[in-house]
2 protein chains.
Amino acid sequence: MPSETPTLTDVARLAGVSENTVSRVVRNKGSIAEETRRRVTSAIDQLGYVPNRAAGSLASSSSLIIGVLLPSLSNIVFPEVLRGIHAALVSTPYQPMIGVTDYDLRQEQKILASMLAWQPAAIITAGFEHTDESRRMLQSNRIRVAELMDIDNRPIDLAVGFSHRKAGRAAAEHLVRRGYRRIAYVGHDWTADRRAFFRYEGLCDGLQQAGLAVAAELRFNGPSSTLAGRDTLGRLQQQAGDVDAVVFSNDDMAVGGFMHCLGDGIDVPAQLALFGFNGLEIGQALPKPLSTIRSNRFLIGKTAAETLLQASERAVEPHIIDTGFDIIEGATA
Amino acid sequence: MPSETPTLTDVARLAGVSENTVSRVVRNKGSIAEETRRRVTSAIDQLGYVPNRAAGSLASSSSLIIGVLLPSLSNIVFPEVLRGIHAALVSTPYQPMIGVTDYDLRQEQKILASMLAWQPAAIITAGFEHTDESRRMLQSNRIRVAELMDIDNRPIDLAVGFSHRKAGRAAAEHLVRRGYRRIAYVGHDWTADRRAFFRYEGLCDGLQQAGLAVAAELRFNGPSSTLAGRDTLGRLQQQAGDVDAVVFSNDDMAVGGFMHCLGDGIDVPAQLALFGFNGLEIGQALPKPLSTIRSNRFLIGKTAAETLLQASERAVEPHIIDTGFDIIEGATA
DNA sequence: CTGTTAGCGCCTTCAT
DNA sequence: ATGAAGGCGCTAACAG
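Residues numbered from 1 in each chain as written. Chains lettered and ligands numbered in written order. Predicted model: local features only at pLDDT ≥ 70, side-chain atom pairs only at ≥ 80, totals over all residues. Heavy atoms only, no water.

Student: Give me the lowdown on the domain arrangement of chain A, citing residues and values where you can.
Tutor: Residues and elements named next belong to chain A. Domain boundaries in chain A define domain 1 (8–47), domain 2 (62–163 + 297–328) and domain 3 (164–294). The C-alpha centroid of domain 3 is placed 29 Å from the C-alpha centroid of domain 2. Facing 21 residues of domain 2, the contacting portion of domain 3 comprises 24 residues. Taken as a group, Phe325, Ile327 and Ile328 account for 32% of the area that domain 2 buries against domain 3, more than any other trio of residues on that side. The interface formed by domain 2 and domain 3 includes 2 salt bridges. One salt bridge connects Glu129 with Arg194, and the closest N-O pair in it is separated by 3.7 Å. If one sorts the elements of the side of domain 2 that touches domain 3 by residue count, strand E12 (residues 325–328) sits on top with 4 residues. Looking at the side of domain 2 that touches domain 3 residue by residue, the class counts come to 12 nonpolar, 4 polar and 5 charged. (Domains from an automatic or database assignment. Contact = heavy atoms within 4.5 Å. Buried area = accessible area lost by both parts, 1.4 Å probe. Salt bridge = Lys/Arg side-chain N within 4 Å of Asp/Glu carboxyl O. Helix = DSSP H or I, 4+ residues; strand = E, 2+ residues; numbered from the N terminus. Nonpolar A, V, L, I, M, F, W, Y, C, P; charged D, E, K, R; others polar.)

Here it is in structure tokens:
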């Protein structure tokens, strides 16, 4: 039985050309006579030939793999970035290889090293914080590197995202414009999630600009979640009653806050205004749609992957793409 | 400058042994003299040697890649499965390569073919439906194959999941036990999401057993979402008012249903009981925790990956692992 | 326990 | 526009 997986050689033999010619047709490189191309293509179809990627990578010392480093999969934001990346790759021969760092830079370094063993065409990573060793690996390698989510830093090669500081400021301006004055903050642990901190800083800036300051604040000592948002707002209200608006570190937390208000019969936004961040679907499905900021995660992933594939070489200067954000007015603030 | 990435040969030269010996040390295969191993290990550290995976795959015609085929990343359930898979792989040299099929079997086939070009050690796929061609590829290849989520089918090699039919029946039994009699169903499009259909079937079975039938039903013509759940329950109530409980196709839909009730001032569960499926965090963060069924997605992914790695060869007979489910009593039904 | 010998399947370079 | 030769870095036999 001819059940063996066919190789370039088999195709070449059947088409009556050299292996090299087949390789050229497959990779769409160099010029090929129309007639030859037809013969080769038909031989490929006939045999059901699929190129062996390992052999290709070894010979060219570069693979069709795109390494994707994500801090987490629990936070829906990152699967959405991945979705964008996937959308950009699906019609190409590139395949995403993913790694989850759990917000741990040493873990990132470990995964990065083992990814580089595949000689990927590019690395996409969510965030700008790396160990020195990781940075060295990313810099020395001439592969393309995209750093996502944030543009408040100088990237190694390409940054795609938006300014979280500006987003925080925008939240402050929105609330001030609406007449809120005693504005509190409810957050989660930002030692790992640096961007949450940037937004907080922006919020403070924005309030200061209006002659205000954060009226009260409480941070849950762990990752963001609806439950954390609910409980933390509850605790904040016990400690500081005279607040008229709360900015949350993200929508998960804000939705939790809304739940707290529902449970305690607090009228939103009359008694207390709530403001989130991300623009998740769940926020818009609340009885009153959440006032928040839309961060376009899918677009960030897609743009990054597309941009990387446009050129196999780095530009001399790092490139920054701002995907922006917009305020979702909602009805809670 | 010696900035070239070191190869096996470099390590062998430095350690004063043959390449093969280094290879054995790296792969931890065969027996090596303690002294030799030390010399090799130190040479590896000194050079910062990282094996070239492409070369290894080519030579052994099998890679350290695990192909993961997911129908979607928008539904939080699948990122969680992926999280489980990742947890099982993180301390091994295996790397997950992911593909998203968008519930499209032709797309699955395409991605599968390009994954197999990497000669992965195993394929993990969520679901049992495949095109004939996909099935052929999975069967003929002697690589390991895990089919996840569901165990209501005969797998190719390994199935990990639970019976969605039984879960549906359990929902029915729970509601009947609680005294509900006019039980409706609110769902989403199940032509793609086969498991939702299985649960529906189980629900009907369970009701029938109690001499009942689905009192009313409405399916949103698209994927599940909170918004869809909210609107579809709204429409159902216009059409059929005399219902005392609603089973939703999943928690997303159920949470949406809860939002509808909040908005319309419907007392849950006194006027209308709500029952979901999945046990998502958001359901438990509602003012009244959602009554639902916990499906252990993380465990499914982790168990699958672990089990696959235990043996590189398929057993003669397909193997099925039931990860089970449990009822979360909650307060909405 | 270790070394030798052949490739794995493809791509690159250089010819023609 | 096509072909020939060589090698990418590693592993699989087989020797010893």
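Now, onward.
Student: Lay out the interface of chain B and chain A with the relevant residues and their values.
Tutor: Chain B puts 47 residues into the contact, and the matching count from chain A is 47 residues. Together, the buried faces of chain B and chain A total about 4100 Å²; carbon and sulfur atoms form 67% of this surface. Between the two partners, chain B and chain A, sit 20 residue pairs in polar contact (both at pLDDT 80 or more). Contributing elements (two or more residues each) for the side of chain B that touches chain A: helix H4 (53–60), helix H5 (77–89), strand E2 (95–100), helix H6 (105–116), helix H10 (226–239), helix H11 (251–264) and helix H12 (281–284) of chain B. In the side of chain B that touches chain A, the residues fall into 29 nonpolar, 13 polar and 5 charged. (Polar contact = N/O pair within 3.5 Å; in protein donor to acceptor, adjacent residues only side chain to side chain.)

Student: Which residues make up the UniProt feature "domain: HTH lacI-type" (unreviewed entry) in chain A, and what are the values?
Tutor: UniProt marks residues 6–60 of chain A with the feature "domain: HTH lacI-type" (unreviewed entry), using the numbering shown here. With 71% helix and 0% strand, residues 6–60 of chain A has its two end C-alpha atoms placed 20 Å apart. (UniProt positions renumbered as here; feature names shortened; annotations may be inferred.)

Student: Report on the pairing of strand E1 (residues 65–70) of chain B, specifying residues and quantitative values.
Tutor: Residue and element names in this part refer to chain B. For E1, the buried fraction is high: 6 of the 6 residues fall into the buried class. Across 6 bridges, the pairing between E1 and E2 is parallel. The residue of E2 that forms the bridge with Gly67 is Met97. Viewed along the sheet, the connection from E1 through H5 into E2 turns out right-handed. (Buried < 20%, exposed > 50% of the residue type's maximum accessible area, 1.4 Å probe, protein only. Pairing = 2+ DSSP bridges. Right-handed = clockwise from strand over helix to strand, strands pointing away.)

Student: Tell me about the protein's contact with DNA strand D, and name the residues and values.
Tutor: Looking at DNA strand D, there are 25 residues lining it, with Asn20 and Ser31 of chain A together with Leu8, Asn20 and Tyr49 of chain B nearest. Sugar plus phosphate: this is where 64% of the atoms of DNA strand D within 4 Å of the protein reside. For DNA strand D, a phosphate oxygen lies 2.7 Å from a polar atom in the side chain of Thr21 of chain A. Between DNA strand D and Ala33 of chain A, the relevant distance is 2.9 Å, taken from a phosphate oxygen to a main-chain nitrogen or oxygen of the residue. Contributing elements (two or more residues each) for the surface near DNA strand D: helix H2 (19–27) and helix H4 (53–60) of chain A together with helix H2 (19–27) and H4 of chain B. Looking at which element gives the most residues to the surface near DNA strand D, the answer is H2 of chain B, with 5 residues. When the residues that make up the surface near DNA strand D are grouped by side-chain class, the tally is 10 nonpolar, 11 polar and 4 charged. (Near = heavy atom within 4 Å.)

Student: Describe the packing of aromatic side chains, naming the residues involved and giving the relevant values.
Tutor: Under the defined criterion, the tally for this structure stands at 15 aromatic pairs over all chains. Taking the centre distance of 4.8 Å and the plane angle of 65° together, the rings of Tyr185 of chain A and Tyr200 of chain A count as edge-to-face. Here Tyr185 of chain A, found in strand E6 (residues 183–187), pairs with Tyr200 of chain A, found in helix H9 (residues 194–209); they are 15 residues apart in sequence, far enough to count as distant. For Tyr185 of chain A, a relative accessible area of 2% gives the class buried. By relative accessible area, Tyr200 of chain A is classed as buried at 13%. Judged by centre distance (4.8 Å) and plane angle (45°), the ring pair of Trp190 of chain B and Tyr200 of chain B falls under tilted. Highlighted residues: Trp190 of chain B in the loop between strand E6 (183–187) and helix H9 (194–209) and Tyr200 of chain B in helix H9, separated in sequence by 10 residues. Tyr200 of chain B matches Trp190 of chain B in its accessibility class, with the two residues each being buried. Members of the aromatic cluster, connected to one another through ring pairs, are Tyr185, Trp190, Phe197, Phe198 and Tyr200 of chain A. Its guanidinium or amino end placed over the ring of Trp190 of chain A, Arg219 of chain A lies 3.8 Å from that ring's centre, counting from NZ or CZ. (Phe/Tyr/Trp six-rings, centres within 6.5 Å; stacked < 30°, edge-to-face > 60°. Lys NZ or Arg CZ within 6 Å of the ring centre and 35° of its normal.)

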